[in-house]
Structures are given as C-alpha cells and as structure tokens.
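This is what each chain is made of:
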Amino acid sequence: MPGSSQPSPDPQRFEVAGKTLFFDRFMGWFIRFGGIAVILAVIGIFLFIAKEVVPLFQSPEVEESGTIAIQQAPPVLGVDEWGEMPFFYTGGEAVTFVNFEDDQVKSLPVPGLEGLLPTAYAFDTVHQRVVFGLADGRVGSFLVRYLRQFNDDLSDSWLEPEIVAEPIFQVQHGEGPVTSVSYGDASDPEDPNGARLIVVKRGQGADSTVSVLKLMMKKGLIGAAKLTLLGQSDLTSELSGVPSFVRASSNGSMILVGCQGGGIDYFARDLLEVNKVQTFQPFAAQVPRQVDLLYGGVSLILTSQEGRQEQWSLFRETEEAARTFGLVKTFPDLPRGPVVFSNSLRNRSFLAGAGRYLSLRYSTSGDVRWEQEVAYRPVAGIIDGKSRHLIVAGDDGAVHRYLVEDPHPEASVRAFFGKVWYEGGAEAKFQWQSTGGSSDFEPKLSLMPLIFGSLKGTFYALLFSIPVALLAAVFSAAFLPLSVKRVIKPMMEIMASLPSVVLGFLAAFWLAPVLQYRVPSVLLLLLLVPSSVFLVGYAWSTLPVALRNRFHGGQEWMLVLPVMALFGWLGWILGPVLEGWLFVYTDPQTGQRIADFTMWWPQATGLDFQQRNSLVVGFMMGFAVIPVIFTIAEDALSNVPKSLTAASAALGANRWQVVWTIMLPVASSGIFSALMIGFGRAVGETMILVMAAGGTPLMEGNIFNGMRTLAANIAIELPEAAVGSTHYRTLFLSAVVLFLLTSVMNTIAEVLRQRLRERNQIV
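My aim in this report is to walk through the structure given alongside it, one point at a time. (Residues numbered from 1 in each chain as written. Predicted model: local features only at pLDDT ≥ 70, side-chain atom pairs only at ≥ 80, totals over all residues. Heavy atoms only, no water.)

Let's shift gears to the sheet that holds strand β29 (residues 398-405). An order of β1-β29-β28-β27 is seen for the 4 strands of this open sheet, with the pairing classed as antiparallel. Looking at strand neighbours, the two that pair on one side only are β1 (61-69) and β27 (378-383), the edges of this open sheet. Ignoring strand direction, the axes of neighbouring strands in this sheet form an average angle of 20°. Relative to β29, strand β28 (residues 389-394) runs antiparallel, the two being bridged by 5 bridges. Bridging from a neighbouring strand, V392 pairs with H400 of β29. (Pairing = 2+ DSSP bridges. Helix = DSSP H or I, 4+ residues; strand = E, 2+ residues; numbered from the N terminus. Axes fitted to C-alpha atoms, helices over the stretch in contact; angles between N-to-C directions.)

Our focus in this paragraph is the side chain of E166. Tracing the backbone shows E166 in the loop between β9 (157-165) and β10 (169-170). A polar atom in the side chain of E166 sits 2.9 Å from the side chain of R129. In this structure the side chain of E166 is engaged in a polar contact, spanning 2.4 Å, whose partner is the side chain of S141. (Polar contact = N/O pair within 3.5 Å; in protein donor to acceptor, adjacent residues only side chain to side chain.)

Taking 1.5 Å as the rise per residue, helix α13 (residues 668-684) with 17 residues should run 24 Å; its terminal C-alpha atoms sit 24 Å apart, in good agreement. In terms of residue burial, α13 counts as a mostly covered element, since 12 of its 17 residues are buried. Listing the buried residues of α13 in full gives S668, S669, G670, I671, S673, A674, L675, M676, G678, F679, A682 and V683. Its buried side turned inward, α13 meets α3 (448-478), α10 (614-638), α12 (655-666) and α16 (726-759). (Expected span 1.5 Å × (residues − 1). Buried < 20%, exposed > 50% of the residue type's maximum accessible area, 1.4 Å probe, protein only. Contact = heavy atoms within 4.5 Å.)

Attention now moves to unusual backbone geometry. Even without a glycine there, the phi angle at Q128 is positive, about 55°. Position of Q128 relative to the elements: it lies in the loop between β6 (120-124) and β7 (129-133). We classify Q128 as buried; its relative accessible area is 15%. Backbone geometry places S387, a non-glycine residue, at a positive phi of 55°.

This next bit is on the pattern of salt bridges. Per the stated rule, a full pass over the model turns up 22 salt bridges. Here K489 makes a salt bridge to E634, at a shortest N to O gap of 3.0 Å. You can see K489 sitting in helix α4 (residues 482-496) and its partner E634 sitting in helix α10, a full 145 residues away along the chain. On the basis of relative accessible area, K489 is assigned to the buried category, the value being 16%. Salt bridges linked by common partners bring R129, E166, D185 and R196 together as one network. (Salt bridge = Lys/Arg side-chain N within 4 Å of Asp/Glu carboxyl O.)

Now the structure itself:
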C-alpha cells in the first residue's frame, strides 16, 4: 500500500554470540582431539601387542664373548650355573678350572685319585658329578661344586670351586679294566635315602661284562650319612650282543647298553630292581656314533655313523602297554667326526656339533635354532645351567664362550599351529598344556585346540540361538499384535543386559547338574515342542474360517503357547521312560543292565561324557546371543516399507507369503548383520565358557565333552603368567588369532551384506 513501509532487517540478526562461537570452536577442537586420541590409542594397543608377540618368532642371537687358551682338549667339560668358570677333566689326578672373568687357570687335585689313572669316565651335568673307572675294576666319583664368595661390602663376588670326593667301590663281576661307566642319581635333597646306581662295563670284546652297582646314602646313629653299596647285579646274560658302551639317565631310572651289531638294550630300574624292557635297533646294523639323553631322561638323541640324528622317546603305543622307545623326530645331518653334545637344564634345547659345525637345536619342535661354521673342530661342549652360555673346547687349544640370547626356544609356527610329537605321547598331536608340576615339564603351546574350542562353542550356541531368535523376530515383526510387541521387545532387550557371569553361574551350578541326568528329556523336548507347533498349525488350518477370524492380528499365539507347554512337560517327564527303553548300560563285569545315559554314551560311542559340556554351553550361550540377533533382525524386518507389504497383501498374498517373498528378501542384509553380530558375541564370550565349558582343550566334536576357547584361556591364564615369558607372549598371540578370526568373519559378512543390499536396493 502507498505510504506503508516494511521495517528494515535487523543487521545483527546474523550475528552469533561470542560465547557460542567460542564453544563451537572448542567443541570442534575437542572432537578432533578425541578422534586423534582414539586413533593413537588403537595404534598404541596394536604396537603393544606386536611388542609382546614379535619376539616369539625371532631367531636367537649367539656371539662369541671370550676365549681362553688351554693345553689339552678335554673329554669332560663342565661349567657353573652362570657360565663364568668352566672346568675340564682329562682323566688325571686334577681338575682344571678356567675363569673367563679374570682369564686365570688353576687346578684342584681330586682326593683319592693320587697315583691312579682312570680308564673310563663320564660326566653328569645335572648333579655336576664325574664318575670314573680304574684299570683294576674299581669305580668311583667326585662332585664339582662352586661357592660364590662376596667381599665385605658385597660390591663384588667371585666363584670358589671345590672337589668333593665320593667312595670308590670294587666291581665284583667281570675282569679287566673299566671301559665304560655311567652314573644315575635318584636321590632327593629332601630324601637322602634315594637310590643311586653306577653302570659299569669291564673288559673288551666278547669277554666284556656289564654290572650295576646299587648305592644309597645311609645314616648311622652317629655322624653324617654315608654312601653305601647295597649290592651288585650282572646284566651280561641279558644282553642282546657284545656290549660296546653303557649309559644311565641322570635320575637313575633307565639303563642303556649299546651292543655290537647296532642294538640297544633298555633296562628300567624299579626301586632296587633292574629289569630288561626292550631291545631296539635305531640304525640297522650300525652302532650309533653317539647316544645322549635329553633333560628329563625320557628321550635319546642318537647320531649315526653317517651323521643322521634322531630322537627316540619313551611312550606307550596303547594304554596297557609298557613304555618303550620309538622314533619320534629326525634332525638335519651332522658332518663326520666326533660328536659334541650337551643338553640344556632349562628346556629341550641341546648343543650338537661335529667337524667344524655347531648348532643349537630344540627337540620339541625339531627346529635348528642356530647354526654356524667355526674355525676349529669342536671337541667338547657344555651349556650352562641358565642356558645363557655355550662353552666349547676346540682342537685349536682354546675354550670358547658364546653368549646366547634365546628366551623363547619353544616358540615356533610349528609349535603353535602344527602337530608336535611331545615326550610321552603316542603320536604327534595338537595339544595345549602350558604348565606342569615338575621342573622337567615340557610346555605344549598349540593354539589349534583353543581355536577349535572357540568355533565349537560358537557353533553350538548359534545352532540353538539362530532358529529361536530369527523365528521370534519374524513372528514379532509380521504376526504379533502391536500391544504385545511393545511388551515383548523391551523384555528381549533387557535379556541382552544380563551379566554373562550370572549366566555362567547358572550354567555351571544349575543347568549342568540338571542336564546331566536329563539328556533323554532334552532330546524329547527338541522333538516334541517343534512338532507341537506344526501340529497346532495344521489343526488351525482345518478349523472353520469363522472360528479363525475370531483371532485377529496375530492372537493365535494364545493357542500355541499352552500346547507347547503341554508337550514340553510331557517330554520332560517321559525322558526317564525313554532312557529306560533305549539308553541302557551293560556292566561288562557283572552283566547288570542300568538305565543311565551318562554311562551308556561312553559304552556305545567310545566318547567321554562330562557334566560341563557343549550342550550346556549351547543352551546358556545361546540364551545370551538370542537377544542380540532378535533385536537387530526384528528391526530390519519391521523397517520393511509398509507400502510393499500392503501391496503384496492387496494382490492376494497371505501373511506367510508376504513374509517369505517380501520381508525376508528386503531385510536380508539386516538379518545377515544380526547373525554376524551374534557370531561375534559368541566367539568372544568369556565368562560363560570359563564357568560352564569345563576348560579342557580338546579337539573332539563330541557334544558331551567340554572345550576351552581362546577368550576363556586368556582370562584364565593371563593373570598367572610370568610377564615376558613364552607363556605370557603366547597368550597375546592367541588374542591376535582371536582378533583375526573375528575380523575375517566380519569382513566376509560385510561383503555379503553389501551384495545383498545392492541386490535389493531397488526397494
């Protein structure tokens, strides 16, 4: 209108308050900082895990750290626990010590050997004992000890060696000089009455004899305990041939006699009795060039004349059979020449060498950890008590010391993921047993039983949860009245918030004992409950339309639930009847027939039945997974456009046809995501499996035995693992394997989900 005027815009209408701008800039920087911090935290976690895992696969570092000249290459070479002061013995009246700390060489006389010249001697690295035999048929021994001394202010220390002589005994059997001798000591520091033995070969050729001297520390009324000869026995008549050498294990439980022709007779000592168990021939008709025992006295390292090196171990071919030696591993060949051997007292590593070749090998995995050509010919070698030094005497008139950095010799790709033949086992197998009760225990670190257990637990959990969760989601999205759905769905979501430790507690202390004696009832439930649903559905379809129309909007569930409850109750009470009919155990001793599924199952299938088994895990872990799958799948189905379902119904499709042809294809990508999220929840579940799975790392598909998963194993063993140990780092490796397992599955799932989405993007 003429004369009217519009008010001019306020020029400050686009201005923003200073506080708002400051807060906006602050939040912008705060969000950027938070994002960068999250990225750095994730990178830091990966770097930390890599720092713990990478050392498992690093090769050992071995470098020469000292050399001392000596006058004569020693046949017997020993060393203290720290590798500071090796000693060597050449069969004379004295022992020579060389000190790498100050390059000093000194000799100590052996009491009782004055004027005597031993004709045979051997060294026991476990007890630091040298045993010798004399030309007149006597045998004796002496110990080499090291005492660490300190100055007044404890700022410096050094080693003081001493020689402790032991009694000399006359061998009664045979004639001639002692030509081979070995010592076994089964005494316990806390039990001075433990038995010992000396194995002696006297004479040469066909006149040779082999005797065993049985010794024991005896304490009289006055004075200290004294080593006493209990008796002697002659093994010559039990030998398979002319003896050429004798060996005794360091614990005195085993005697080996090598015979001409290549046979080795194995005798076992049971208290004070010595009995022949086996004669085996490792290299056909050849006498082994070298026979050595590994730490623990269960395995032999045999070297043939051609340099072939094999490991023979004691094991039982059947549970009833006696333990006998068998070939379990082969190692790379050694060059020709005298064999140098020494076993570690910490693990299954051993030093092997011949010619100008030295190597550090690990018997469990069969790997060569380190090898090197040296400028001299090794004559003798020893590994110190801490496995930190190699001491090697060469034909160049020197003793060489090597510093060894090999903190994880038992770690390798083969040990983690391949079959390994462990000591005492009847065959190569995947096995996880990280700790043991004795110092010579051999750790078994195969991750395959844990991976198998993770997949097995996930399989049984998804086998139970997927049908229940998906059918419930379909029924809720397509059939259930909205008023009921508003109650059911929040209840299902609340189920997801139940602590897994509570579910695990219920599984271990309520469900497992109940199912142990109700397996037939469970089988009937799995048969009758679904059958009742189909029965009700068929009966419903035969009812008059007028009657069916009285139940609008999915209220049919009011008819189904009572029938399911009735059949479930029948299945539960009829379980014992089925058990008495089908699952009857026959006692092989008395012939008595007992209706008991837990006893019938092992007899019928040969498989174990454990209270905490995969069936329990499947039910309880499935109960934990159902809410996750149900919620996501139900949302995907409910979000299918109503225009599509309404159009389908308008064209005459019934409700199931709408679900099958419209809702499921359109929501398939969402349903697939639900399944994958459920898989991730199941494979990473920890507490339920810790409490309900039994914790046994087995690789059996038996539904009635337990398992151990990667996640449960980490939770159980990581708090007790020594930081930096192989066990500790292996648990981090298992975490990496678990991460890769879930990542690969999620990647595959995402690719499939994207393809399903692209295929249905038209809607």
